[in-house]
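In case you want the letters, here they are:
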Amino acid sequence: TKLYMVVSSKEISQKEIDLRVKKYNLENNIIMPGFTKNIEYYYNLANVFIVTSESEGYSMVMGESLTYGVPVITYDLPWLSHIEDGRGIITVEHGNYKKMAEEVVALLRDNYRLMEVGKKGKIHAIEAFNKDIYSEWSSFIHNSIHNNNINKLKDVNHINYYYVAKFDNMARRD
């Protein structure tokens, strides 16, 4: 098994990571590709996607992983829409890295479960991101202009929460 590790953390430096890899004799098991524009290659290669962030706003990488059918294992961040739905995501208690490791090993050892979790995640991603965003925004703007009793903050957050990823994906294609 190989671990492809992409790190975007200020808490630990590349030098510290390299030292730990050497300390535990993992040079042949951990691959650190660095920056790449060909991220699709790594999603297609992946069996599981591990997110160790202690907090997230809207996790694009979780959404991307789910669209590729790659199960996500992460700390429990219940405010995220991906986790709220639960399909394709396995969560562990916040900060419990031992339990996270156990979940990764268990998932990799059970090919049927690995495929099922990935399939359910892909279905979730398709349902979540396959929306008519233009109609949603048009309706929101129309109602905001013509209806004074609309709860604007709730509606803006609702639309952003579920659809901002779709706008980002559309922009990337252009």
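This one's a predicted model, so the numbers in the text were calculated from it and none came from an experiment.

Caption draft 1: Structural view of helix 5 (residues 97-109). The end-to-end C-alpha distance of helix 5 is 18 Å, a good match for the 18 Å that 13 residues give at a rise of 1.5 Å each. Taken as a whole, helix 5 has its buried residues at M100, E103, V104 and L107. Down the axis of helix 5, the sector holding all buried residues measures 100 degrees, keeping them to one side. When the buried face of helix 5 is taken as reference, the exposed residues oriented beyond 90 degrees from it are K98, E102 and R109. Where helix 5 is buried, its residues contact strand 3 (49-51), strand 4 (72-75), strand 5 (89-92) and helix 6 (111-129).

Caption draft 2: Just the pattern of salt bridges, in detail. Scanning the model with the defined rule gives 4 salt bridges in all. We note a salt bridge from E127 to R87, for which the minimum N-O separation is 2.7 Å. Placement of the pair is E127 in helix 6 and R87 in the loop between helix 4 (81-85) and strand 5, with a sequence separation of 40 residues. Between K119 and E116 there is a salt bridge; the shortest N-O distance is 3.1 Å. In this pair, K119 and E116 both sit in helix 6, 3 residues apart, roughly one turn of the helix. Ionic contacts of the salt-bridge type, sharing partners, join the residues K99, E103 and R113 into one network.

Caption draft 3: Focus on the confidence of the model for the protein chain. Looking at the protein chain as a whole, its pLDDT mean stands at 77, while 67% of the residues score no less than 70. Summarising per-element confidence for the protein chain, the mean pLDDT is lowest in helix 8 (residues 152-173) (49) and highest in helix 5 (94). Contacts for the low-pLDDT stretch residues 165-174, under 50 throughout, to residues beyond four places or in other chains number 12 contacts.

Caption draft 4: Main features of the packing of helix 5 against helix 6. It is at 5 Å that the axes of helix 5 and helix 6 come closest, and there the two elements cross at 105 degrees. When the axes of helix 5 and helix 6 are compared, the pair comes out roughly perpendicular. Only N111, R113, L114 and V117 of helix 6 make contact with helix 5, whose side of the interface consists of E103, A106, L107 and R109.

Caption draft 5: How the structure looks around the packing of aromatic side chains. Across all of its chains, the model carries 4 aromatic pairs by this definition. Here the aromatic rings of Y4 and Y42 are separated by 5.7 Å at their centres, their planes lie at 55 degrees, and the arrangement is tilted. With Y4 in strand 1 (residues 3-4) and Y42 in helix 2 (residues 39-45), the pair connects residues that are 38 residues apart, well separated along the chain. Judged by relative accessible area, which is 34%, Y4 ranks as partly exposed. Between the aromatic rings of Y41 and Y42, the centroid separation amounts to 4.9 Å while the plane-to-plane angle is 85 degrees, which identifies the pairing as edge-to-face. For Y41, a relative accessible area of 44% corresponds to the partly exposed category. Site record: aromatic cluster; members linked through ring pairs are Y4, Y41 and Y42.

Conventions used here
Residues numbered from 1 in each chain as written. Predicted model: local features only at pLDDT ≥ 70, side-chain atom pairs only at ≥ 80, totals over all residues. Heavy atoms only, no water. Helix = DSSP H or I, 4+ residues; strand = E, 2+ residues; numbered from the N terminus. Expected span 1.5 Å × (residues − 1). Buried < 20%, exposed > 50% of the residue type's maximum accessible area, 1.4 Å probe, protein only. Arc of directions from axis to C-beta. Contact = heavy atoms within 4.5 Å. Salt bridge = Lys/Arg side-chain N within 4 Å of Asp/Glu carboxyl O. pLDDT = per-residue confidence, 0-100. Axes fitted to C-alpha atoms, helices over the stretch in contact; angles between N-to-C directions. Parallel < 35°, antiparallel > 145°, perpendicular 65-115°, else oblique. Phe/Tyr/Trp six-rings, centres within 6.5 Å; stacked < 30°, edge-to-face > 60°.

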